[in-house]
Amino acid sequence: MVIKNKQPKLTNKEAGRLGGLKTVALYGREHMKELGKLGGRPRLPTLQEIRDRKAKASNIENNKGQME
């Protein structure tokens, strides 16, 4: 029976680093620069941000009547 040596599990940080190094090795630094310019994916607004936007919109609507 053959016993395989188990490698220690990678953390997310280590796995991301190794994946990034592999991508650089395959595609080069220019490719990575272009990815960096794209930025991260957009996130959904938090509940507080939604409430703030609604309050701001409500204040703008209420102030329109006073300016006229």
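Everything below is about the structure shown above.
Here's a quick rundown of the structure. (Residues numbered from 1 in each chain as written. Predicted model: local features only at pLDDT ≥ 70, side-chain atom pairs only at ≥ 80, totals over all residues. Heavy atoms only, no water.)

1. Regarding the overall build of the protein
If you tally the helices and strands in the protein, you get three helices and zero strands. Going from N to C terminus, the protein has its helices and strands arranged as α-α-α. For the protein, the residues scored as buried account for 0% of the 68 residues in total. For the protein, the accessible area works out to roughly 7300 Å², and carbon and sulfur atoms hold 56% of it. (Helix = DSSP H or I, 4+ residues; strand = E, 2+ residues; numbered from the N terminus. Buried < 20%, exposed > 50% of the residue type's maximum accessible area, 1.4 Å probe, protein only. Areas by Shrake-Rupley, 256 points an atom, 1.4 Å probe, with all protein chains shown as cover.)

2. Thoughts on the pattern of salt bridges
Oppositely charged side chains are able to pair whenever their charged atoms sit close together. Scanning the model with the defined rule gives two salt bridges in all. Ionic pairing is found between Lys-37 and Glu-34, a salt bridge with its closest N-O pair at 3.7 Å. Residue Lys-37 and its partner Glu-34 are located together in helix α2 (residues 29-38), separated by three residues, close to a single helical turn. Residue classification places Glu-34 among the partly exposed positions, given a relative accessible area of 45%. (Salt bridge = Lys/Arg side-chain N within 4 Å of Asp/Glu carboxyl O.)

3. Notes on the packing of helix α1 (residues 12-27) against α2
Where α1 meets α2, the axes come as close as 7 Å, and the angle between the chain directions of the two elements is 120°. One element, α1, and the other, α2, form an angle in the oblique class. Each of Gly-20, Thr-23, Val-24 and Tyr-27 in α1 lies in contact with α2, whose residues at this interface are Arg-29, His-31 and Met-32. Residues of the contact of α1 with α2, tallied by class, amount to three nonpolar, three polar and one charged. (Axes fitted to C-alpha atoms, helices over the stretch in contact; angles between N-to-C directions. Parallel < 35°, antiparallel > 145°, perpendicular 65-115°, else oblique. Contact = heavy atoms within 4.5 Å. Nonpolar A, V, L, I, M, F, W, Y, C, P; charged D, E, K, R; others polar.)

4. Here's the deal with a nonpolar patch on the surface
A cluster of nonpolar residues, Leu-10, Leu-18 and Leu-21, forms a patch on the protein surface that exposes about 280 Å² of accessible area. Along the polypeptide, Leu-18 turns up in helix α1. (Patch = residues over 30% accessible without salt bridge, like charges linked within 9 Å, V, L, I, M, F, W, Y side chains within 5 Å.)

5. Side note on α1
Taking 1.5 Å of rise per residue, the 16 residues of α1 would be expected to cover 22 Å, and the 22 Å separating its terminal C-alpha atoms lies within 8% of that figure. Positive phi shows up at Gly-28, right after α1, with a value of about 95°. (Expected span 1.5 Å × (residues − 1).)

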